[in-house]
Amino acid sequence: MAPSRIAQTALYQEVAERLRQRIFAHQIPPGTRIDEQGLAIDYGISRTPLREALKVLAAEGLVTLRPRRGCFVTEISEQDLDEILPLMAMLEGRCALEATGRAQPAEITRLEAIHRQLERFAENNQIERFFEANQEFHSQIQLMAGNRWLRQVIQDLRKVLKLTRLLSLSIDGRLEQSLTEHRVILDAIKAGDAVAAQTAMHDHILSVRRALARSISQHEVPA
C-alpha cells in the first residue's frame, strides 16, 4: 500500500502559534479571558480549530481552562515563581557547565557578539530589545551544551516565564545588573571554567527571582 501524503501544518497549530505570540507580547495580558467567538471571527475560522489550539496552549501552561467559565491567560503567582526559578537555576546552571566543556571558538565568538548587543541595548535603555537579546544569549548557551533533553525542558519552562515579560527588567538598576551577570557567565565560559560558569548562571537565574519580587511589590500585579 502506498504511503499516505503528509498533510500541511494543521490549522490549529497555526492558530496556537499566533495566540502564543500575542500572549508573549502581552497583547492578551495574564488573567484575560479568551474571547473565543471574537477570535474565531477575527481569524475567519470555526470554533473547533481554535479550541484545539487552546488545548495546546493549556498543555504548555500558557492558558488555563476553567470549567463553565472559559479559558484565561495564565497568571504567574509568587508561589509559581518560587517553584519555577530555582528549578530553572539548576537546569540552566547545568547547561552552562556542559556548554563550557563543549564550546567551540566560533560558538564563543557568537556568544560575545550577542553580549555586545546586550551592552548596546542596556546603554540606550532599550528594554524590549535587551529582553530579546537576553533570550538569544541563553539559547546560544543551550545550543553550545548540545543536550537536546536539557534544552527542551528549559524551553518549556521559559515559555511560562515569558508571561512575566520585561517585568524584572523594569526595576531601576536591573538592566545593568543583568548585563554584569551575563558578563560573568561569558568570562567563565571563555576561561573554560565549567564550575564557575555553572555557579554564575545559577546565581543569575535566582537574581531574576529577587528582581521579580521587587517589581511585583511595586506594581501590585504583573503587567
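Residues numbered from 1 in each chain as written. Predicted model: local features only at pLDDT ≥ 70, side-chain atom pairs only at ≥ 80, totals over all residues. Heavy atoms only, no water.

This brings us to helix α2 (residues 36–43). Buried within α2 we find E36, G38, L39, A40 and Y43. Among the structural elements, α1 (11–24), α3 (47–59) and β2 (70–73) are those in contact with the buried residues of α2. Directly beyond the C-terminal end of α2, a positive phi value near 65 degrees is found at G44. (Buried < 20%, exposed > 50% of the residue type's maximum accessible area, 1.4 Å probe, protein only. Helix = DSSP H or I, 4+ residues; strand = E, 2+ residues; numbered from the N terminus. Contact = heavy atoms within 4.5 Å.)

Position of I141 among the secondary structure elements: in helix α6 (residues 127–145). For I141, a relative accessible area of 1% corresponds to the buried category. Linking I141 and E92, residues 49 residues apart in sequence, is a C-alpha distance of 8.9 Å. Dropping the residues within four chain positions of it, I141 is found in contact with C95, A96, A99, L111, I185, I189 and M201.

With that settled, consider the pairing of β2. In the sheet, strand β1 (residues 63–66) pairs with β2 via four bridges, with the strands oriented antiparallel. Bridge assignment links V63 to a residue of β2, and that residue is V73. (Pairing = 2+ DSSP bridges.)

This part is about the nonpolar core. Residues L19, L50, F137, I141 and I189 are the most contacted members of the largest nonpolar core, which totals 60 residues. The greatest single-element share of this core, amounting to nine residues, is contributed by helix α4 (residues 78–102). (Core = buried A, V, L, I, M, F, W, Y, C linked by side-chain atoms within 4.5 Å.)

The share of residues in the protein chain with pLDDT of 70 or more is 88%, and the mean pLDDT across the chain is 88. Within the protein chain, no element has a lower average pLDDT than helix α9 (residues 194–219), which sits at 83, and none a higher one than helix α5 (residues 105–123), at 96. Counting interchain partners and residues more than four positions distant, the pLDDT-below-50 stretch residues 219–223 has eight contacts. (pLDDT = per-residue confidence, 0-100.)

Scanning the entire structure with this criterion turns up 16 salt bridges. Notably, a salt bridge pairs R18 with E14, separated by 3.0 Å at the nearest N-O pair. Of this pair, R18 and E14 both sit in helix α1, separated by four residues, roughly a single helical turn. R20 is the partner of E60 in a salt bridge, and the nearest nitrogen-oxygen pair spans 2.9 Å. Placement of E60 in the loop between α3 and β1 and of R20 in helix α1 is noted, with a sequence separation of 40 residues between them. On the basis of relative accessible area, R20 is assigned to the buried category, the value being 10%. Within the structure, one salt-bridge network assembled from shared partners comprises E17, R20, E60 and K159. (Salt bridge = Lys/Arg side-chain N within 4 Å of Asp/Glu carboxyl O.)

Applying the stated criterion across every chain yields a total of zero aromatic pairs. The ring of F121 carries R120 above its face, with NZ or CZ at 5.3 Å from the centroid. (Phe/Tyr/Trp six-rings, centres within 6.5 Å; stacked < 30°, edge-to-face > 60°. Lys NZ or Arg CZ within 6 Å of the ring centre and 35° of its normal.)

With that settled, the discussion passes to the packing of α6 against helix α8 (residues 174–190). Packing of α6 against α8 leaves a shortest axis separation of 12 Å and a crossing angle of 20 degrees. Judged by the inter-axis angle, α6 sits roughly parallel to α8. The crossing of α6 and α8 is left-handed. Contacts from I127, F130, N134, F137, H138, I141 and M144 of α6 reach α8 at L175, S178, L179, H182, I185, L186 and I189. Its residues assigned to classes, the contact of α6 with α8 shows 10 nonpolar, four polar and no charged. (Axes fitted to C-alpha atoms, helices over the stretch in contact; angles between N-to-C directions. Parallel < 35°, antiparallel > 145°, perpendicular 65-115°, else oblique. Left-handed = near helix turned anticlockwise from the far one by under 90°. Nonpolar A, V, L, I, M, F, W, Y, C, P; charged D, E, K, R; others polar.)

On to the packing of α5 against α6, then. Orientation of α5 relative to α6, taken along the N-to-C sense of each, is 165 degrees, at an axis distance of 9 Å. The orientation of α5 with respect to α6, classified from their angle, is roughly antiparallel. When you trace α5 past α6, the crossing you get is left-handed. Within the contact between the two elements, α5 uses E107, I108, R110, L111, I114, H115, Q117, L118, F121 and A122 and α6 uses R129, F130, A133, N134, E136, F137, Q140, I141 and M144. For the contact of α5 with α6, the per-class residue count stands at 11 nonpolar, four polar and four charged.

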